[in-house]
Structure formats: structure tokens, C-alpha cells
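Secondary and tertiary structure notes
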Amino acid sequence: MPGRTENEITIAAPLDLVWDVTNDLENWPRLFSEYAAVEVIERDGDRTKFRLTMHPDENDKVWSWVSERTVDRAGRTVHARRVEPGPFQHMNIRWEYSEVPGGTKMRWTQEFAMRPDAPVDDAWMTDNINRNSKVQMELIRDKIEQRAREHRTASVSAR
């Protein structure tokens, strides 16, 4: 049965800052703890094709794949899919951003299915994505909130 996850976090920062930081693909290795490298392959308007490479896993295996993202800043959404699905039959991700009291809510929805010959099944991957999304979202929140604090401090000091 295909997997589906929904995870969200509120970041105490303006939507524009959250959008800019989380959609700066070249800086993802500094934003996410799991990514070692990002290589942009092609840009065409709001669509970007890129290769993500992870840090080695516990067995020293390095995972890498090509994805494609299409951003819709006006609609405050991003749609992504794996072009090279690897162990997945398919992997689609939707990022949604909304202004809420105190900051910006960021939501990730992932829909996927594992290939029958994959080393794990849909249920295992659902649990894994839910655990990891929480960790990554908290890291992102902390980094963006720190940046927002530094910006506020610099603005006050400049007065």
C-alpha cells in the first residue's frame, strides 16, 4: 500500500525568509543534516532538476538521486518528484507555506511507493520519513529563527 506522510512546523520568521532559505537548493547541505551535496543540472523558469547526494549511511552506502522541483511563489507551494526514483516506484513531495500568528507554517506532504525489490517496505519508509522529517524540520526552524534574530538585531543596531 503506498505511503503518505504529512509533517509541519511553525517557524518564528517571516514567510519571505522561510521561502528564500528553504528554496535555496545550493545551500541545502548547510540547511539539512542529511545532504552532503547538491548539483543543479538544469534550470528552466520555476523548474529545477538537481542531484542530491546524502552523507554515507551506517553501512557506508552513499545514496544519490535526481529530483525535479517546481516552485510557485505566488501560490506558496513547491512540487517535487524523483526523476531517478531508486528504491521507490515513485516519490512526490509537496511543500506548502502559510503565514500564521507568530511566523510561517511549513508543511511537507510526501506520497510514495517502494519497489517490490526495495530493501524496505512502504510502512517502514513511512515511519522513517516521519521520524526524519521531524528532525530536519526542527534543524531548519532553528537555523532560520537564528537568522531572523540576527537580522532583527542588525536592524536595531543600525538605528
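Going by the structure above, here's the rest.
Rules of the game
- Residues numbered from 1 in each chain as written.
- Predicted model: local features only at pLDDT ≥ 70, side-chain atom pairs only at ≥ 80, totals over all residues.
- Heavy atoms only, no water.
- Buried < 20%, exposed > 50% of the residue type's maximum accessible area, 1.4 Å probe, protein only.
- Helix = DSSP H or I, 4+ residues; strand = E, 2+ residues; numbered from the N terminus.
- Pairing = 2+ DSSP bridges.
- Axes fitted to C-alpha atoms, helices over the stretch in contact; angles between N-to-C directions.
- Salt bridge = Lys/Arg side-chain N within 4 Å of Asp/Glu carboxyl O.
- Phe/Tyr/Trp six-rings, centres within 6.5 Å; stacked < 30°, edge-to-face > 60°.
- Lys NZ or Arg CZ within 6 Å of the ring centre and 35° of its normal.

**Here we look at helix α1 (residues 15-22)**
- Taking burial as the measure, the eight residues of α1 include six buried ones, the bulk of the element.
- Along α1, the positions that sit buried rather than exposed are L15, L17, V18, W19, V21 and T22.

**A closer look at the sheet that holds strand β4 (residues 64-72)**
- The sheet built from seven strands is open, its strands ordered β1-β7-β6-β5-β4-β3-β2 with antiparallel pairing. Taken across any chain shown, the strands that pair with only one partner, and hence form the sheet edges, are β1 (3-11) and β2 (35-44). Pairs of neighbouring strands in the sheet enclose a mean axial angle of 20°, with direction left out of account.
- Relative to strand β7 (residues 103-114), strand β6 (residues 88-100) runs antiparallel, the two being bridged by 12 bridges. Among the inter-strand pairings, H90 is bridged to a residue of β7, identified as A113.

**Some thoughts on the pattern of salt bridges**
- Enumeration over the complete set of coordinates arrives at 17 salt bridges.
- Across the pair R73 and D20 runs a salt bridge whose closest N-O atoms are separated by 2.9 Å. Of the two residues, R73 is situated in the loop between β4 and β5 (77-82) and D20 in helix α1; the sequence distance between them amounts to 53 residues.
- Measuring nitrogen to oxygen at the nearest pair gives 3.0 Å for the salt bridge that ties D142 to R141.
- The exposure class assigned to D142 is partly exposed, which follows from its relative accessible area of 41%.
- Here the salt bridges do not stand alone but share partners, grouping R4, E6, E8, R107 and E111 into one network.

**Quick word on the pairing of β2**
- Pairing analysis gives eight bridges linking β2 to strand β3 (residues 47-54), with the strands arranged antiparallel. Counted as the bridge partner of E39 is R51 from β3.
- Here β2 folds back onto β3, and the loop between the two strands holds two residues, one of which, G45, carries a positive phi near 65°.

**Thoughts on the packing of aromatic side chains**
- For the structure on display, the rule yields 11 aromatic pairs.
- Here the aromatic rings of F32 and W108 are separated by 6.1 Å at their centres, their planes lie at 25°, and the arrangement is stacked. Placement of F32 in the loop between α2 (28-31) and β2 and of W108 in strand β7 is noted, with a sequence separation of 76 residues between them. W108 carries the same exposure label as F32, and that label is buried.
- Through successive ring pairs, a cluster of aromatic residues spans W19, W28, F32, Y35, F50, W65, W95, Y97 and W108.
- The ring of W63 has K61 lying over it, and the distance from NZ or CZ to the ring centre is 4.7 Å.
- The aromatic ring of W65 is capped on one face by R82, whose charged end is 3.7 Å from the ring centroid.

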